[in-house]
Amino acid sequence: MTTIDEKEAISLPQENGLAIINSKAPFSSTHGKDALDIALIFGSFEQNVSLFFQGDGVYQLIAQQDGSLLSVKDYLKTFSAFEFYDIEDIYVCQQSLANRQLGENFHISDVQVLPSIEFGAALNRHQHVLRF
Amino acid sequence: MATLHLVRQSAFATNDFAQCLSVLEHQDSIVLMDDGCYNLKHALMDSLIKRVDGTVNIHVMTSHAKARAIETITTIKHIEMKDVVELTFNHSKVITWQ
């Protein structure tokens, strides 16, 4: 029995880590800040975290934003700390960018822009998903 | 009996802007504020500008658009909060789309 179980375990696609989906624009709600806090907490406990940006969430990554004009704390600047928390898998939905007439000018580097199918496949590689 | 429409939501995320446009009349005014500024890049905005041909005044909050790194269009008036106050007095009613 044990050998069969092991074989099944090997044949299943490996799912691990936490995926956080960002789907909200940055300044009008606290969703983006909450997602960031969770990501950094998991990062500091050396848990695998991947970030997904979909829908209006892609606005969180666009360069040259300035929250100080709105008198809000600009948490987007903290995104540059991801590498220190070993958060290296950052995926952006290509279709969401195209719909919003946005280019790939992000304020952080090492962002992977993926077409819908690959974006979904990347998400499905994770065992746990939180959506903000 | 002109109406001032305050659009505060992204048309990419909600249906609010489409609903606003469905009740829009000539001589009305639109102000894009907060996430409504994202609508500058929405297909609904392109068709609106063509459809109304200057009979509807379209404004955008300069600071809100700039904070979001949104390129604004020259055919749209750039305003600040004090101008919104003035607009509320110049229109008989206000609808906030949020």
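Just above, that's the structure.
Keep in mind the model is a prediction, meaning the values are calculated, not measured.

*Asks:* Help me get a handle on the sheet that holds strand S1 (residues 18-22) of chain A, residues and values and all.
*Replies:* Residues and elements named next belong to chain A. The strand order across the open sheet formed by 5 strands is S4-S3-S2-S1-S5, and the pairing between neighbours is parallel. With partners counted over all chains shown, the strands left at the sheet margins are strand S4 (112-114) and strand S5 (128-131), one partner each. If you compare each strand with its neighbour and ignore which way they point, the axes differ by 25° on average. By the bridge criterion, 3 bridges tie strand S3 (residues 89-93) to S4 in an arrangement that is parallel. Of the residues in S4, the one forming a bridge with Tyr 91 is Gln 112. On the sheet, helix H2 (residues 31-44) packs against S1, strand S2 (49-53) and S5 and is oriented at approximately 160° with respect to S1.

*Asks:* Tell me what's going on with the interface of chain A and chain B, and back it up with residues and numbers.
*Replies:* Each side of the interface is counted separately: chain A has 17 residues, and chain B has 13 residues. The class makeup of the residues in the side of chain A that touches chain B is 7 nonpolar, 7 polar and 3 charged.

*Asks:* Hey, could you go over unusual backbone geometry for me, with residue numbers and the actual values?
*Replies:* In the Ramachandran plot, Glu 46 of chain A falls in the positive-phi region, its phi being about 55° despite a non-glycine side chain. For Glu 46 of chain A, the position within the fold is in the loop between H2 and S2. The phi angle at Asp 53 of chain B is positive, at roughly 50°, despite the residue not being glycine. Residue position: Asp 53 of chain B is located in the loop between helix H2 (43-52) and strand S3 (57-61). Judged by the 8 C-beta atoms lying within 10 Å of it, Asp 53 of chain B falls in the exposed class.

*Asks:* I'd love a proper account of the sheet that holds S3 of chain B, names of residues and values included.
*Replies:* All names here are of chain B. Spatially, the 5 strands line up as an open sheet ordered S4-S3-S2-S1-S5, and their pairing is parallel. The two strands at the open ends of the sheet, each matched to only one other strand, are strand S4 (77-79) and strand S5 (93-97). Here the average twist between neighbouring strands, direction ignored, is 25°. With 5 bridges joining them, strand S1 (residues 3-7) and S5 adopt parallel strand pairing.

*Asks:* I'd like a rundown of the environment of Asn 16 of chain A, residues and numbers included.
*Replies:* Residue and element names in this part refer to chain A. Mapped onto the elements of the fold, Asn 16 is located in the loop between helix H1 (2-11) and S1. Separated by 98 residues in sequence, Asn 16 and Leu 114 place their C-alpha atoms 20 Å apart. When neighbours within four sequence positions are excluded, Asn 16 is seen to be in contact with Asn 48 and Gln 127.

How each quantity is defined
- Residues numbered from 1 in each chain as written.
- Chains lettered and ligands numbered in written order.
- Predicted model: local features only at pLDDT ≥ 70, side-chain atom pairs only at ≥ 80, totals over all residues.
- Pairing = 2+ DSSP bridges.
- Helix = DSSP H or I, 4+ residues; strand = E, 2+ residues; numbered from the N terminus.
- Axes fitted to C-alpha atoms, helices over the stretch in contact; angles between N-to-C directions.
- Contact = placed C-beta atoms within 7 Å.
- Nonpolar A, V, L, I, M, F, W, Y, C, P; charged D, E, K, R; others polar.
- Buried ≥ 20, exposed ≤ 12 C-beta atoms within 10 Å, placed from the backbone.

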